[in-house]
Amino acid sequence: MLNYGINYKERKIMNENMKIILDKIKEYDRIFIFRHFRPDGDAIGSTKGLARILRLTFPEKDIRLLNDDFSDYLAFLGGEDEPAPDEDYATALGIVMDTGTATRVSNQKYSLCKEIIKFDHHIPVDSYGDYEWVEEHRSSTCEMVAAFYNAFKDELKIDKEAATYIYTGMVTDSGRFRFREVSPETMRLAGSMLELGIDTDALYANLYMKDFDSLKFEGYVYKKIKISKNGVASVYVDGAMKEKFSLTNEQASSVVSYMETIKGSLIWIAFIDSGDGSIRVRLRSRFVTVSELGERYNGGGHACAAGATVYSVAEMKKLLKEADELLKEYKETHEGWL
Ligand code: AMP
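Residues numbered from 1 in each chain as written. Predicted model: local features only at pLDDT ≥ 70, side-chain atom pairs only at ≥ 80, totals over all residues. Heavy atoms only, no water.

1. Concerning the overall build of the protein
Going by this rule: To qualify as a helix, a DSSP run of H or I must reach at least 4 residues; to qualify as a strand, a run of E must reach at least 2; elements of each kind are numbered from the N terminus. Just to be clear, the radius of gyration here is over C-alpha atoms, and the globule rule we use is 2.2 Å times residues to the power 0.38. Working definition: with a 1.4 Å probe on protein chains only, accessible area under 20% of the residue-type maximum means buried, over 50% means exposed, and in between means partly exposed. Pairs of residues are marked as contacts when any of their non-hydrogen atoms sit within 4.5 Å. Using the Shrake-Rupley algorithm and a 1.4 Å probe, accessible areas are obtained, with residue cover drawn only from the displayed protein chains. Charge counting treats Lys and Arg as positive and Asp and Glu as negative, with His and both chain ends excluded. By convention, the charge on Lys lies at NZ, on Arg at CZ, on Asp at CG and on Glu at CD.
If you tally the helices and strands in the protein, you get twelve helices and eleven strands. On C-alpha atoms alone, the protein measures out to a radius of gyration of 20 Å, which is about the 20 Å that the 2.2 N^0.38 rule sets for 338 residues. Counting only C-alpha atoms, the protein reaches 60 × 45 × 40 Å along its principal axes. Looking at the protein as a whole, 51% of its 338 residues qualify as buried. Partitioning the contacts of the protein with sequence separation of at least 6, the portion at a separation of at least 24 is 63%. Total accessible area on the protein is roughly 16000 Å²; 52% of this is exposed by carbon and sulfur atoms. Placing the 45 positive and 55 negative side-chain charges of the protein at their respective mean positions leaves the two points 5 Å apart.

And the structure:
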């Protein structure tokens, strides 16, 4: 048995939650699995990883991944299942993964399911579903899937394909095992997936390789980055920039990662014109908590990686000003940051 690196009470709650989920899975013949929209590696990895484990273990059950959108970047992990008729939902157990708030579920028909389980690692802003297993200290939902598998490994089946999905989410959501949520337990669980023979060369090639054109866009963005008085780095990808480089929303959104290594810029923010009157905000930080800032602008997320939505350039500037004040206060009251 793995040592979970948490105290007895927390471990007891975790074990109870995992047992409820396994019992519910056993109870239902039909299980539909959902995730958040604009999927990332963790959303796709956790849903596909759990689905694969369940299909291997319970081949007689009807297990489907039913989500409305997809990611080009993560297309190498494969797609979703065909949409299901509404009446099928009524007899299904719905498992919603990696999704903190109900409004962010990709396929809103999830609510038609007979019973719903929330299976997530985000700070719980919004409660939904009949059962919740939420562990915000986890570096990814995939880490929870790995823990779930390891807790019941005598009963569940896994293979290299499932392990690859799970490991991909663990790698991507933890910033390649860099973020503060990464614990000794994360590494043990990642190790348990690696033991199944994942092709890490192929995985990292898929995650890192870029088209030459996207490098040109990257160079352009570097010139557009602005630094506020107290060090907040930001860039706004407006409609014109998207058109100039023929960018999808997903490609435009990736600019947030270009700013993560600027010394003194402990907060960095990408604003992306969504083309529908709203501007997507991607907030990132080192040391400073930015999730509350996101919550004030229709969003939320983790302490150092959050999201928000604003509806005008004026609101964008207001958010930036608040971020600048937050960073000023942080720098004045803390030492040792970079
Ligand atoms: P993103 O910048 O979209 O990758 O989001 C960073 C983190 O914040 C992810 O864990 C998201 O799930 C979360 N997040 C992003 N947008 C929102 C939102 N509008 N409400 C709640 N959480 C969000």
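Once you've had a look at it, read on.
2. A short note on the sheet that holds strand S9 (residues 279–285)
Quick reminder of the rule: Here, any two strands with at least 2 DSSP bridges between them count as paired. Convention adopted: a line fitted to C-alpha atoms gives each axis, helices being fitted over their contacting stretch, and angles between N-to-C directions are expressed from 0 to 180 degrees.
Here we have six strands laid out as an open sheet, ordered S6-S7-S8-S9-S11-S10, and mixed in their pairing. The sheet is open, and its two edges are formed by strand S6 (226–227) and strand S10 (300–301), each paired on a single side. Strand contacts of helix H12 (residues 313–333): strand S7 (233–237), strand S8 (267–273), S9 and strand S11 (305–310), with the helix running at about 170° to S8, the strand carrying the most contacts.

3. Overview of the nonpolar core
The tendency in soluble globular proteins is for nonpolar side chains to be buried as a group. Quick reminder of the rule: Here, nonpolar core means buried Ala, Val, Leu, Ile, Met, Phe, Trp, Tyr and Cys residues that are tied together by side-chain atoms lying within 4.5 Å of each other.
Core analysis: the largest hydrophobic core is formed by 48 residues, its most contacted members being Ile 25, Ile 31, Ile 33, Phe 148, Ile 166 and Met 193. Those residues in contact with Ile 33 that lie beyond four places of it in its chain are Thr 47, Leu 50, Ala 51, Leu 54, Ile 63, Arg 64, Leu 65, Leu 66, Asn 67, Ile 95 and Met 97. Ranked by size, the runner-up nonpolar core spans 20 residues in total, among them Ile 269, Tyr 297, Ala 323 and Leu 327.

4. Comments concerning the environment of Leu 194
Of note, Leu 194 is situated in helix H6 (residues 184–194). For Leu 194 and Ala 84, which are 110 residues apart along the polypeptide, the C-alpha to C-alpha distance reads 34 Å. Residue contacts for Leu 194: discarding those within four places in its chain leaves Tyr 167 and Thr 200.

5. So, the site of the ligand
The cut-off we apply is this: Proximity criterion: a residue is near a molecule or strand once any of its heavy atoms comes within 4 Å of it. Distance and chemistry together define a polar contact, namely a pair of N or O atoms within 3.5 Å, with one atom able to donate a hydrogen and the other to accept it when in protein, and with adjacent residues in sequence counting only for side-chain atoms on both sides.
In the neighbourhood of the ligand, 13 residues make up the surrounding shell, with Arg 104, His 122, Arg 280, Arg 282 and Arg 284 lying closest. Within the side chain of Arg 104, a nitrogen or oxygen atom sits 3.1 Å from an oxygen atom of the ligand. Take Ala 305: an N or O atom from its main chain is 3.5 Å from an oxygen atom of the ligand. Considering the ligand on its own, with 470 Å² of exposed area, one finds that the protein chains cover 85% of that surface.

6. A word on the layout of surface pockets
What counts, and what does not: A 1.4 Å probe that fits but cannot get out identifies a cavity on a 1 Å grid over protein atoms alone, an open set with protein on both sides within 12 Å along at least five of seven lines counts as a pocket, and a residue lines either if it has an atom within 4 Å of a point. Grid points are joined across faces, edges and corners, and a volume is the space filled by probe spheres set on the points. Residue type decides the class: Asp, Glu, Lys and Arg count as charged, Ala, Val, Leu, Ile, Met, Phe, Trp, Tyr, Cys and Pro as nonpolar, and the leftover types, Gly among them, as polar.
As a volume, the second largest pocket reaches approximately 360 Å³. Taken together, 17 residues form the lining of the second largest pocket, with Lys 226, Ser 234, Tyr 236, Met 316 and Leu 320 sitting closest to its centre. Elements with a minimum of two residues in the lining of the second largest pocket: helix H8 (212–224), S6, S7 and H12. Element by element, the count of residues in the lining of the second largest pocket is highest for H12, at five residues. In the lining of the second largest pocket, the residues fall into nine nonpolar, two polar and six charged.

7. A look at the side chain of Asp 273
Let me state the cut-off plainly: Salt bridge, as applied in this entry: a Lys or Arg side-chain nitrogen positioned within 4 Å of an Asp or Glu carboxyl oxygen.
Among the structural elements, Asp 273 can be located in strand S8. No salt bridge is formed by the buried Asp 273; its nearest oppositely charged neighbour, Lys 242, is found at 5.2 Å. A polar contact is formed between the side chain of Asp 273 and the backbone nitrogen of Gly 275, at a distance of 2.8 Å. Aside from chain neighbours lying at most four places away, what touches Asp 273 is Tyr 236, Val 237, Asp 238, Gly 239, Lys 242, Asn 249, Ser 278 and Ile 279.

8. Observations regarding the environment of Met 193
Residue placement: Met 193 occurs in helix H6. Overall, Met 193 belongs to the buried group, its relative accessible area being 0%. Here the alpha-carbon distance between Met 193 and Val 256, two residues 63 residues apart in the chain, equals 29 Å. Excluding residues within four positions of it along the chain, Met 193 makes contact with Ala 146, Tyr 149, Asn 150, Ile 158, Ala 163, Ile 166, Tyr 167 and Ile 198.

By themselves, these figures tell us nothing about what the structure is for.
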